[in-house]
Amino acid sequence: MSSKVKTAPANKASGASGVKKGTHALPSAVEQWYYEQSGRKLQYSPDEKVPVIEVSNFPALGRLTALRFIEWVLENPEGVVSLPTGKTPEYFIRWSQHFLSGWKKKEIQAQLDQVGLAGKSAPSFAGLTFVQIDEFYPIDPQQQNSFYYYVNKHYLRGFGMDPNKAMLINPAKIGIPKGKTLETVFPDGKVDLGLRHRLPTSELERLQAGVIMEVDQFCSDYEEKIRARGGIGFFLGGIGPDGHIGFNFRGSDLQSPTRLTYTNYETEAAAAGDLGGIEVSRNKPVITIGLGTISHNPDGVAIIFAAGEAKSRIVADSVTSDMHVRHPASVLSTMKNARFYLTKGSTVKLRNRVLEDILQTETLSESEFEKRVIDRALALDKRLDQIRDTDAKGDELLGAALKKAGKGYKEAAQWVRERLVKKIEAGTESLSDQSILHTGPHHDDIMLGYMPYVMHLVRNSTNKNYFTVLTSGFTAVTNGFLAGVFEDLENFIEEGAYDVDISTGVFHPENPSARAEEVFRYLDGVAAQDDREMKISQARRMLYNLMLVYEDEDIDNIKLRLKENLHYLRTVYPGKKDIKIIQTLKGMQREYEEELIWGYVGIGPSDVFHGRLGFYTGDIFTKAPTQDRDVAPVLQMLEDLKPNVVSLAFDPEGTGPDTHYKVLQVLHEALLQYRDRTGIDPEVWGYRNVWHRYHPSDANVYIPVSLNTIAVMAHSFMNCFGSQKNASFPSFEYDGPFCYQTQKVWVEQFRYLRTLLGHEWFEQNPSPRIRAARAFVYLRKMPLSEFSGAARALAEITEAAM
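Conventions adopted
Residues numbered from 1 in each chain as written. Predicted model: local features only at pLDDT ≥ 70, side-chain atom pairs only at ≥ 80, totals over all residues. Heavy atoms only, no water. Helix = DSSP H or I, 4+ residues; strand = E, 2+ residues; numbered from the N terminus. Polar contact = N/O pair within 3.5 Å; in protein donor to acceptor, adjacent residues only side chain to side chain. Contact = heavy atoms within 4.5 Å. Buried < 20%, exposed > 50% of the residue type's maximum accessible area, 1.4 Å probe, protein only. Expected span 1.5 Å × (residues − 1). Salt bridge = Lys/Arg side-chain N within 4 Å of Asp/Glu carboxyl O. 1 Å grid on protein atoms, 1.4 Å probe; cavity = no way out; pocket = protein on both sides within 12 Å on 5 of 7 lines; lining within 4 Å. Points joined across faces, edges and corners; volume = space filled by probe spheres on them. Nonpolar A, V, L, I, M, F, W, Y, C, P; charged D, E, K, R; others polar.

Can you help me understand the side chain of Ser330 in this one?
Its place among the elements puts Ser330 in the loop between α11 (312–320) and β11 (337–343). Within the structure, Ser330 has its side chain in polar contact with the backbone nitrogen of His324 (distance 3.1 Å). If we ignore the near neighbours within four places in the chain, the residues touching Ser330 are Leu254, Ser318, Ser321, Asp322, Met323 and His324.

See below:
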C-alpha cells in the first residue's frame, strides 16, 4: 500500500522536469533536509530526467537511505517493499538497525528531529510484504551466498519482517518433481534455456525442460501476485557497471516482467565474488523481477543509490538519458517518486552540478581548472599548444572556469601544458636515501598500481623498500586452486621430495633462509621455464604452512590433514565462507605469492610483511577497524621501520572494494599517531589501479612505462600470482587477468598525454625513458596533512554507524 503524494509542476521549487506529465513528487521530509544540506536543486532541467539527492560519501549514503525507508514505513506500515542484496546495502542495513535499536535514546531522537521524524513511535516492519528482487538459478537456498539466505538473514530476521508475508524465490521449491532435487535435475549446475525451444535429446534434458517450464510459470505467478498487491511501494536498488537494476542488464525490455534469463558479462563478473568465481557465474541464469515490475506502481518510491567516481559515467547516462533499453534505469523517469541517491563522486559527470560548483566556488582549485582545460582539449582531440581562445566556445564548464580564473583558453592551455611536462619530469626523477613502506589492501594492488615505479626505486641501493599487504586476501583464492596445490604437495611427499628437508630442519619456524629459498628457487624455475621446480617450491612452502598452522611436524599427520582439507575443498559449494583453517591457508598462499612478486625485483621475504588485519573476516559485511585490533599493529610496524614515505590505495570516498577504504582508515589513524610519536612527518603516495582511476588533473606524478616494463609486469603477474592468473574474480571491464586490464589502463593514460602534448613531444624527447614510453602510471604525492583531510570525514561518519 502506498500513500498518495503531492506533486509539483516541473521547473518550480526544485527546478525539475522530465517526469511523466511534467510533474514529480515533492521531496519527503527526510529528502528535504538532505537536499537542503547538499546545497543543490533536486533536479536540473532539462538534462536530468530523475531527481537526485547528493551526500558526501558511502556511509552517509546508507544513512540517507535508512532514514528515508524508516520514514516511508511509518507512513505505510503494511506496504510492499523490495530491498537489495550484496555489499552495497551494508550501511543502509547498519544505519537502519542503529536507529531502530536506539530509537528512544536522546542522541537518536536528536538525529531524527533533524529530518522531521522525532516524536514518532518506532516503526514496526512486521506488517510489510517483502518482495525478493532476484536470485541465481539454480542455487541451493540454504547456501550462504544465495540471495534467499541473505534476505532471510538481513531483512526478514534482521528487520523483524513477517516471513509468512514475504514473497521469496526459493529455487529448491520451484517445479522440482517429487523425489528429485536441484542437484539431480541440474547435476553440473548448468541450465540450457534453449530447452524452451528445442527438442530434448535425453531423459535428463526432458526433466530439465519440464522444470524450466515450471520456473517460467512461477515467474508469471510471481509477477501477478506483485501486481495484485498494487505493485512495489518502496524499491531500493544499486546500479551495476552496465546500468543493471536487479538483474535487468543493458538491453532489457523497459516493460519486462519477472523472468528466468541469462545475463551479460558485466553482470557475471560482478556476481563472481558471490558465487566463488567467474567459472560458476558465467552463463548462469537468474530469476529477476523486471523493469516493468519495478515501475508498475504509479505511486511507488523507487530509489537507486550509487557511490564513487567509478559509477559516475553509468550514473550520468542513467539520470540524463531518455527512456532507452541501453540504460535500464531510464525507466525511472516515468515514476514521480523515483530518486537517485548519490555520493558527490558519482555525480562528477552530471554537468549542471559541476557547473554549479564552479560558479559557486570562491577560488577554483588548480586541479579543477586543469581538469576543465584537459577535458575540452581531449574532446577536441587537440594538442594544448594548438589551442585557440575560440576553442572554448560551446563548453559551459570550461567557459565558467576560464571566467573564474580570468584567463583565455589559449593562455590556460599553455599553463596546463607546462604542468603536465613537470609531472612527467617528476616521474623520471631518481630518488635516493628514501625509506619507503609500500602498502596494499590486497596482494596485487601495489603492483597493479605502480610496479613500474617500484622497479626504478629498487635499483638504487640507498633506498630501503618495504612491502606490506594489510589483509589476508584469502577470498581471492578459489577452492580449486588450493586443492591443486594440496594435490601437488601430496605427490611430492609420496616421491620423498622433502625427506632431506625434513631431516635438516628446513621446516622449523626459526629458519628464514629456508623461506627465502622457497621464493628464489621458484623464481629460478620461472627463469628456466621449469614447471616442476616452481611447483615443488610452492608446495614446500605450503607444507611449512601446514606444519605451522597445525603445530605438527609429523609428516604422516600432515598427510592426514591434507586428505581432510582436500575433502572439504572438493565438497563445499563455491562461494561459501570458508572454515578458519582454510581461510588461513588461502591467505598464506597469497602471502607467498606477494613474496614472489617482490622477489622478482630483488626484495627478500624479510622485507615483505603480512598484515592480516582483524576486520577482514570473509563475511559479506566486514567488521569496522578498531584501534587495538587493526591500528596498533600497523603503528608498531611504522615505528619499527621508520619510513619517510608511505604509499596507499587512495580511495577517499569509500568506493571500490570495501577493504580499500577500511585499510585507508587504518593507515590514516596509524600515520597520525606515528607522526605524533616519532616526529617523522611522512610523505604519502596515493595510487589507484583497475578499481579507481585518476583523472590526469588529480595526479601530480606521471611515471613513463616502456614496452619492456609492461612485459615484465605481465610476466611477473602470470608467473608469481598463480591463484590469480585464471582471473576467477575479474573486473567487469575486462574478461581476463588483471595485469592485462592494468596494461590497458596505463596505455589509455599515455594516450591522453600524447593527445595533449603531441606525439612529437615524446618521439623527439631527449630522455630515452620518455621516448620509450608506451604507457604511463599516475600517482599523487602529498603531505600527510593533505591526505588526512581527505580521509578524516569518511572515518568520522563510518564510526558513527558501527
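After that view of the structure, there is still more to cover.
Help me out: how do you make sense of helix α12 (residues 351–360) in this one?
For an α-helix the count is 3.6 residues per turn, leaving residues at separations of three or four pointing the same way. Here α12 has its buried residues at Asn352, Arg353, Val354, Leu355, Glu356 and Ile358. Tucked inside the fold, the buried residues of α12 contact β3 (52–55), α13 (366–380) and α14 (396–405).

Which parts of the structure should I look at to understand helix α17 (residues 479–495)?
In a regular helix each residue adds 1.5 Å, so 17 residues correspond to 24 Å; α17 covers 24 Å between its end C-alpha atoms and thus fits that length. Residues of α17 that are buried include every one of Asn479, Phe481, Leu482, Ala483, Val485, Phe486, Asp488, Leu489, Phe492 and Ile493, and no others. Tucked into the core, α17 has its buried residues touching α20 (531–550), α21 (555–571) and α22 (580–599). Downstream of α17 by one or two residues, Gly496 has phi in the positive range, about 80°.

I keep staring at the pattern of salt bridges and nothing clicks. Help me out?
Two side chains carrying opposite charge are able to pair once their charged atoms lie near each other. In the structure shown here, the tally under the stated rule is 57 salt bridges. Asp317 serves as the salt-bridge partner of Arg313, at 3.4 Å between the closest nitrogen and oxygen. Pair noted here: Arg313 and Asp317 are both in helix α11, with a separation of four residues, about one helical turn. What makes Asp317 partly exposed here is its relative accessible area of 23%. A salt bridge links Arg780 to Glu786, with the nearest nitrogen and oxygen atoms 2.6 Å apart. Arg780 gets classed as partly exposed once you look at its relative accessible area, which sits at 22%.

Looking at this structure, I do not really get the layout of surface pockets. What am I missing?
Gaps left between atoms show up when a probe the size of a water molecule is rolled over them. When its volume is computed, the second largest pocket comes out at roughly 680 Å³. The wall of the second largest pocket is formed by 23 residues, among which Pro138, Gln143, Gly189, Lys284 and Pro574 lie closest to the centre. At the level of elements, α6 (182–185) and α9 (278–281) are the ones that each hand at least two residues to the lining of the second largest pocket. Residues belonging to the lining of the second largest pocket are distributed by class as follows: twelve nonpolar, five polar and six charged.

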